[in-house]
Amino acid sequence: MSLHPLFVFGALTLFLLATQVNHVSCGSCRESKLCCPGRDSSCVVQKAPINAIIEDLSDKPCYCDHACLKLGDCCPDFKDACGG
């Protein structure tokens, strides 16, 4: 059983589009529309897939919760976007 080439092309196109959409909001609280009070581990902007091996430090997740100020793992625009 083989897959129709048009189906494979469509699936690959959708995958690439989904990946690009994810990268648009990488590292930005404003673009991700995230600003959370207190400590909230779900308030994260993740550039790489969750189980990916991080090879570049810019791929590390960053946070948009107010605890990131103490922990030092805020997204670069946290203070501007969230009033930190």
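Structure first, text after, so check above.
Residues numbered from 1 in each chain as written. Predicted model: local features only at pLDDT ≥ 70, side-chain atom pairs only at ≥ 80, totals over all residues. Heavy atoms only, no water.

## Observations concerning the overall build of the chain
Spelled out, the test is: Comment: elements are numbered from the N terminus, with helices defined as DSSP H or I runs of at least four residues and strands as E runs of at least two. Burial here depends on accessible area, computed with a 1.4 Å probe over protein chains only, as a share of the maximum for the residue type. Under 20% is buried, over 50% is exposed, and the range in between is partly exposed. Here, residues are in contact when the closest pair of their heavy atoms is within 4.5 Å.
Each helix and strand counted, the chain has 4 helices and 2 strands in total. Along the chain direction, N to C, the helices and strands of the chain fall in the order α-α-β-β-α-α. A buried classification covers 21% of the 84 residues belonging to the chain. Sequence-distant contacts, at least 24 apart, represent 41% of the contacts inside the chain between residues at least 6 apart.

## Some words on the environment of cysteine 64
Tracing the backbone shows cysteine 64 in the loop between β2 (62-63) and α3 (68-71). According to the relative accessible area criterion, cysteine 64 is buried, its value standing at 0%. Along the sequence, cysteine 64 and serine 42 sit 22 residues apart, while their C-alpha atoms lie 9.2 Å from each other. Apart from residues no more than four positions distant in its own chain, cysteine 64 is found in contact with Cys29, Leu34, Cys35, Cys36, Cys43, Val45, Cys75, Phe78 and Cys82.

## Quick notes on unusual backbone geometry
With a phi angle near 60°, lysine 33 is a residue other than glycine that sits in the positive phi range. Inspection of the secondary structure assignment puts lysine 33 in the loop between α2 (29-32) and β1 (44-45). By relative accessible area, which is 75% here, lysine 33 ends up exposed.

## With respect to the environment of lysine 70
Mapping lysine 70 onto the fold places it in helix α3. A relative accessible area of 80% means that lysine 70 is categorised as exposed. In this structure, the C-alpha to C-alpha distance between lysine 70 and arginine 39, residues 31 residues apart in sequence, is 10.0 Å.

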